[in-house]
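One letter stands for each residue in the lines below.
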Amino acid sequence: MKPRLLLIALLFALCASQAGARAPKVEKTPAQKLIERLTKLQKRGIMYGHQDDPFYGITWEWEQGRSDTYDLVGDYPGVMGFDLGGIEMGDDKNLDSVPFNWIREEIIKQYERGGIVTLSWHPRNPMLGTTAWIESDIKSFEAAKPYLEKTGQLGLVLDPKSTVKEILPGGKGHNKFMTWLQRVEAFILSLTDKGGKPVPVIFRPWHEYNGGWFWWGKGNCTDEDFLRLWNLTQDYLNKSLSASIVWSCSPNLGVDPQEFYNRWPGDDRVDLLGLDAYQWGTEEDFVKQCNADMDFLDAYAQEHGLLLAFTECGYKNSPNATWWSRVLLPIMEKHHPCYFLPWRNFKREHFGAAPGIATAADFKQMAKKKQILFVNDIKKIK
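Residues numbered from 1 in each chain as written. Predicted model: local features only at pLDDT ≥ 70, side-chain atom pairs only at ≥ 80, totals over all residues. Heavy atoms only, no water.

Participant: Give me the overall build of the protein: which residues, what numbers.
Facilitator: Looking only at helices and strands, the protein has 13 helices and 11 strands in total. When its C-alpha atoms are laid out on the principal axes, the protein stretches across 95 × 60 × 40 Å. Across the 382 residues in the protein, those meeting the buried criterion constitute 52%. For the protein, the computed accessible surface area is about 17800 Å², with 53% contributed by carbon and sulfur atoms. Within the protein, one finds 46 positive and 48 negative side-chain charges whose respective centroids are separated by 7 Å. (Helix = DSSP H or I, 4+ residues; strand = E, 2+ residues; numbered from the N terminus. Buried < 20%, exposed > 50% of the residue type's maximum accessible area, 1.4 Å probe, protein only. Areas by Shrake-Rupley, 256 points an atom, 1.4 Å probe, with all protein chains shown as cover. Lys, Arg positive; Asp, Glu negative; His and termini not counted. Charge placed at Lys NZ, Arg CZ, Asp CG, Glu CD.)

Participant: Can you lay out the packing of aromatic side chains for me, pointing to particular residues and giving the numbers?
Facilitator: Counted by the stated rule, this structure contains 37 aromatic pairs. Judged by centre distance (5.4 Å) and plane angle (85°), the rings of Tyr56 and Trp62 are edge-to-face. The exposure class of Tyr56 is buried, given its relative accessible area of 1%. Assessed through its relative accessible area of 33%, Trp62 is described here as partly exposed. Centre to centre, the rings of Trp121 and Phe177 are 6.5 Å apart; their planes meet at 20°, and the pair counts as stacked. (Phe/Tyr/Trp six-rings, centres within 6.5 Å; stacked < 30°, edge-to-face > 60°.)

Participant: Help me get a handle on empty space enclosed by the protein, residues and values and all.
Facilitator: Taken as a whole, this structure holds one cavity of 30 Å³ or more when the rule is applied. By volume, the largest cavity amounts to about 60 Å³. Every residue along the wall of the largest cavity is listed here: Tyr315, Ser318, Trp323, Trp324, His350, Phe351, Gly352, Ile357, Ala358 and Thr359. Looking at side-chain class alone, the lining of the largest cavity contains six nonpolar, four polar and no charged residues. (1 Å grid on protein atoms, 1.4 Å probe; cavity = no way out; pocket = protein on both sides within 12 Å on 5 of 7 lines; lining within 4 Å. Points joined across faces, edges and corners; volume = space filled by probe spheres on them. Nonpolar A, V, L, I, M, F, W, Y, C, P; charged D, E, K, R; others polar.)

The structure is reproduced here in structure tokens:
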């Protein structure tokens, strides 16, 4: 065989052998593994979640190893929620006075026992120095507006509804907000297991955006600016945390489909679609609205390959002894979210399960159902 033909034959054989060889296995990131795990768990059942579960309850606070959930059913929630409000200020404690060092410890404990963690963030108003809640700021501004107009000072005072615009690129508060994002980044980066590997978390920023109570909510910024805020937050954090974060987007109860589409970050930017659904009015109104919202969100999640959850829920100090099994459970059985997370129990204010309250016996019975999952039910499902 001629040298040229021999060389071609050798090259062909080499390419054929490489094509037949297995491609090197690419290790999935912790976030990717968590998404796969949540997908499996959503088919298996519905996890019980609880905000600030290990920090305080209706009769106790700051007792290491204590949990209202554990006290009632003998197991920890499958999902624990924690809030980062205050981390942006460089504070030692969050907005609910929980030390961030303790939050870090409990996140790692929850992960190592086989549980799942979700993080919310209620940052202060970066332009006004007030809380995440903006209604009182708007009322004060509107009350002062006639005087400001009369004295020519209107342009010198910040309209609370311009907060989001001012922290976007080119705004007066942009550099400050980027510092805030750096502090969020540093905290999530600090979440590692005993082997030094990242602890994956479900991160749920800018939630309840279809309500008007937060400075990033409906009526307080344009749809375009809200989406720029979401993208800015996600693009910055993903530079170092794409392996750790599962991104969750959650409107509040009362979803208008057109408003949903107007503020939807995009299927490529969201992994888990949630609904924050509290019963503030009548049971009838809650059930009707909740089912309507979940009909829409459930269909969207299935069509677009997204996870679904009740990212916040509950009935504050519920006087209804059978609220869990008679009101909430049928809604969940119809739509099958991967988890439901009642808000915190703190002294006289409680949303979740606990011993000694009106709904305790009903929750305990519901917890025995195979589809309601706690840590011991999920720790082997990877």
